[in-house]
Amino acid sequence: MKEVVNVSLQGVSFVIEKDALDLLESYLDELRNHYGEGEVEVVDDIEERIAELLIERGCKESVVQYHHVREVIDILGRPSQIDGEEEREEKVSKRIYRDTENGIVAGVCSGLGAYFNMDAVWVRVLFLAVSFLITTPIFSIARSVLRIDLGWVGFMLAAYCILWIIIPAAKTVSQRCQMRGEAQNVDQIHRKFAQGARNVGSEMWQTGTKVTGSFLSTLWRIICFSVGVILTVMGFGGILALGVLLVGFDAAMGISLLQIPDFMVLDIGSTLWLKAFGILTFLLPCVGMLYGGMQLCFRFKSPAWRPGMVLFLLWMVSASIFIVCSVKACSPYYNMGDGYKDKLSFGGEKDTIYVECPMAPGMQQAKLNMEASRWGLRMFYLNNSMRKQTSFAAYPRLLIRRSQDVTVPYVETEIISPYRGTPWAGEAVTLKDSLVTLVPDVYSKEKKFAGKIPVVRLYIPDSTTVILKEPINHTFGKRSYRCGIFN
């Protein structure tokens, strides 16, 4: 069994075999003798690169063996191989990678900046400008040909997500060097250090560049933080609003919002998929905005499994399924139109007209919701004393039309329905002397709503008074009356 020892390379601990350590120390001594005490930082940079190459080969979790050190030395090269050679540029084929170490979201702009030798800030600004210019003709084509109104922000996010998918991340040392077109040998490290030393003579230019870059970077961070705060608030607010809508609607109306499709005639066998993917379609963007906003605010790195991309793909799938289910479910209502009209006259002038909405059978313990104003009445009963046998009593909508041209009051009835030309399934209104009676339709899970919307228009002179007798007494005057669900 070979002897192993613990060593540290630029703060990274390794367990290394004794013969491999001897080879590594011999190599580092050769580097120190070659560069001398004046270029200690060059040796430190090479030592850091050695640690990265060993980590890349999985030596952080296992023992560093002799062949590992030999491979690293072969990649970096020995200083003796550089002596006497003319300075040459080693050609390294560049490749585009995402620079996740210096990126804000996914490192797309940082990777493009490294590939084109540009500051990442300028790439981000250029990306925004190009996205805006490209979307201008796309908007026109989409509106005129596809009849789709695209948004600039949506196009920009879609383009960024596509680049996120197709551009791989630079995870290894070799990939990071290829991203910048740099060789991995000691000659390249030394020349980078020497170039930095030679640039000291142009301090004014460098200082101006650093100040400009620092200002733009700071401005970009402020913008990102502001956008992060907005996204966080929108995401949290959306999740809270969805929860309040689901819980609050049940508390206020006495029925869950998710139960409503069960009382409608839909062209699908079960509403479970419609409800589940409907919630996901509205919930996932809120979760995505919350995650993205917190990532921009706190600048934490995304895990390897890319939760942002996973949320986006899940939302795409959920939205597609929800749209397909909704289109299929609502197919019975595509041909909504005027199915039946009738006109009933009072036979003479009336000073006062009374309206009543008698309670439907089985609604003795039901709860009432009503909205009445000078111009009309909306009302329905909800019987949810037993949740499994919930039922509705929906009354025709009453609209009051006052006009000086009308001398004899009359009632015009109309039904809006997808079934054109079909008669009423029962009388919606009856007239007797000065009394108008609105007859309700009762719906349940057995007798579902099929799209029939009755409307009753009452045409009267300006001087005629209209009074609601039942279920409460209300004069259709200037004062409106609204109530929620109550017994």
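It should be emphasised that the depicted structure is a prediction, and the values quoted were computed from it without experimental measurement.

Conventions adopted
- Residues numbered from 1 in each chain as written.
- Predicted model: local features only at pLDDT ≥ 70, side-chain atom pairs only at ≥ 80, totals over all residues.
- Heavy atoms only, no water.
- Axes fitted to C-alpha atoms, helices over the stretch in contact; angles between N-to-C directions.
- Helix = DSSP H or I, 4+ residues; strand = E, 2+ residues; numbered from the N terminus.
- Parallel < 35°, antiparallel > 145°, perpendicular 65-115°, else oblique.
- Left-handed = near helix turned anticlockwise from the far one by under 90°.
- Contact = heavy atoms within 4.5 Å.
- Nonpolar A, V, L, I, M, F, W, Y, C, P; charged D, E, K, R; others polar.
- Phe/Tyr/Trp six-rings, centres within 6.5 Å; stacked < 30°, edge-to-face > 60°.
- Buried < 20%, exposed > 50% of the residue type's maximum accessible area, 1.4 Å probe, protein only.
- Lys NZ or Arg CZ within 6 Å of the ring centre and 35° of its normal.
- Pairing = 2+ DSSP bridges.
- Patch = residues over 30% accessible without salt bridge, like charges linked within 9 Å, V, L, I, M, F, W, Y side chains within 5 Å.
- Areas by Shrake-Rupley, 256 points an atom, 1.4 Å probe, with all protein chains shown as cover.
- Salt bridge = Lys/Arg side-chain N within 4 Å of Asp/Glu carboxyl O.

Participant: Can you walk me through the packing of helix α10 (residues 272-298) against helix α11 (residues 307-329) in this structure?
Facilitator: In helix packing, the relevant descriptors are the interaxial angle and the interaxial distance, both defined with respect to the helix axes. Remark: α10 packs on α11, axes separated minimally by 8 Å, with the N-to-C direction vectors making an angle of 150°. The pairing of α10 with α11 is recorded here as roughly antiparallel in orientation. Of the two possible hands of crossing, α10 and α11 adopt the one that is left-handed. Contact residues: Trp273, Leu274, Phe277, Gly278, Leu280, Thr281, Phe282, Leu284, Pro285, Val287, Gly288 and Tyr291 in α10; Pro307, Gly308, Leu311, Leu314, Trp315, Ser318, Ala319, Ile321, Phe322, Cys325 and Ser326 in α11. Counted by class, the contact of α10 with α11 contains 17 nonpolar, 6 polar and no charged residues.

Participant: In this structure, what is going on with the packing of aromatic side chains? I would like to understand it.
Facilitator: Enumeration according to the criterion identifies 9 aromatic pairs in this entry. Geometrically, the ring pair formed by Tyr410 and Tyr459 is stacked, given 4.8 Å between the ring centres and 10° between the ring planes. Highlighted residues: Tyr410 in strand β10 (residues 410-417) and Tyr459 in strand β14 (residues 453-460), separated in sequence by 49 residues. For the ring pair Tyr443 and Phe449, a centre distance of 5.6 Å and an interplane angle of 80° mean the geometry is edge-to-face. Take Tyr443: its relative accessible area is 12%, and that puts it in the buried class. Aromatic rings pair up to connect Phe263, Phe380 and Phe392 into one cluster. A cation over an aromatic ring shows up here: Lys469 above the ring of Tyr354, its NZ or CZ 5.8 Å from the ring centre.

Participant: Would you mind going over the sheet that holds strand β2 (residues 12-17) with me for this structure?
Facilitator: Strands pair in a sheet through their backbones, by hydrogen bonds, and they do so in one of two ways: parallel or antiparallel. In space, the 3 strands of this open sheet follow the order β1-β2-β3, with mixed pairing throughout. Across the chains shown, the open sheet's two edge strands, defined by having one partner strand only, are β1 (4-9) and β3 (63-64). Summarising the sheet, β2 and β3 pair through 2 bridges and their orientation is parallel. Counterpart to Val15 in the pairing with β3 is Val63.

Participant: What is the right way to read a nonpolar patch on the surface from this model?
Facilitator: A cluster of nonpolar side chains, Ile162, Ile165, Ile166, Phe312, Leu313 and Met316, forms an exposed patch at the surface whose accessible area comes to about 550 Å². For Leu313, the location among the structural elements is in helix α11.

Just geometry here; none of it tells us what the structure is for.
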